[in-house]
Amino acid sequence: MGAVYAAVNDVMAVGRALTNQQSEAAVSLLEQASARLRLAAKRYGKNLDEMIAEDEDYGLAVKAVVVQAVCRALDNIGSGSNVQQGTESIGAWSMSMTYLNAGQSLYFLRTELKELGLTRQRYGLLDVLGVQSEEESPC
């Protein structure tokens, strides 16, 4: 089992008041988020623990990303409503609701992974015009 990059106190330090149920869930979610981030880094050929050991600021950035992912997952644990926005109509009755992280899943935003340097830009070369080199050129 790898390192856990944040603690429940870190979640509360960003202004999240946690219920007892949310605190218990946060312990498990922090472990899961740390493991998922480590796996995401491994997919891109990076060793997250080595990167953290090399740079203290990078460790703080990793902690912030883990805390934000856990906060997103905790948003609807213990709260009465999972609805972020909704509309209702009475004539011919219609209802439309948008749920906030309905599955309570942990996920990292693409921008968070990009800030940590875990995603890489893909590039390639495609010869669209079929241009030949000077040696092969008929001119």
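A few points on the structure. None of the values given here were measured: they were computed from a predicted structure.

Observations regarding the overall build of the protein chain
- A count of helices and strands for the protein chain gives five helices and two strands.
- In sequence order, the secondary structure elements of the protein chain are arranged as α-α-α-α-β-β-α.
- Element-wise, carbon and sulfur atoms account for 51% of the exposed surface of the protein chain, whose accessible area totals about 9900 Å².

Description of helix α2 (residues 20-43)
- An ideal rise of 1.5 Å per residue puts 34 Å on 24 residues; α2 measures up with 35 Å between its terminal C-alpha atoms.
- At A26, α2 shows its maximal bend, which comes to roughly 25°.
- Listed as buried for α2 are Q22, A25, A26, L29, L30, A33, S34, L37, R38, A40 and A41.
- On its buried face, α2 is in contact with α1 (8-13), α3 (48-54), α4 (56-74) and α5 (110-115).
- Downstream of α2 by a residue or two, G45 has a phi angle that is positive, lying close to 75°.

Digging into a nonpolar patch on the surface
- A surface patch of nonpolar side chains, about 410 Å² in accessible area, is lined by I90, W93 and M95.
- Relative to the helices and strands, I90 resides in the loop between β1 (83-89) and β2 (94-99).

Digging into the packing of aromatic side chains
- Across all of its chains, the model carries zero aromatic pairs by this definition.
- Stacked on the ring of Y107, the Lys or Arg R72 has its end atom at 4.7 Å from the ring centre.

Overview of the environment of E112
- Topologically, E112 is positioned in helix α5.
- For E112, a relative accessible area of 9% puts it in the buried group.
- Between the alpha carbons of E112 and A69 there is a distance of 9.6 Å; along the sequence they are 43 residues apart.
- Apart from residues lying up to four places away in sequence, E112 is in contact with V65, Q68 and R72.
- In this structure the side chain of E112 is engaged in a polar contact, spanning 3.0 Å, whose partner is the backbone nitrogen of L109.

Rules and cut-offs
Residues numbered from 1 in each chain as written. Predicted model: local features only at pLDDT ≥ 70, side-chain atom pairs only at ≥ 80, totals over all residues. Heavy atoms only, no water. Helix = DSSP H or I, 4+ residues; strand = E, 2+ residues; numbered from the N terminus. Areas by Shrake-Rupley, 256 points an atom, 1.4 Å probe, with all protein chains shown as cover. Expected span 1.5 Å × (residues − 1). Bend = angle between axes of the 7 residues up to and from the residue. Buried < 20%, exposed > 50% of the residue type's maximum accessible area, 1.4 Å probe, protein only. Contact = heavy atoms within 4.5 Å. Patch = residues over 30% accessible without salt bridge, like charges linked within 9 Å, V, L, I, M, F, W, Y side chains within 5 Å. Salt bridge = Lys/Arg side-chain N within 4 Å of Asp/Glu carboxyl O. Phe/Tyr/Trp six-rings, centres within 6.5 Å; stacked < 30°, edge-to-face > 60°. Lys NZ or Arg CZ within 6 Å of the ring centre and 35° of its normal. Polar contact = N/O pair within 3.5 Å; in protein donor to acceptor, adjacent residues only side chain to side chain.

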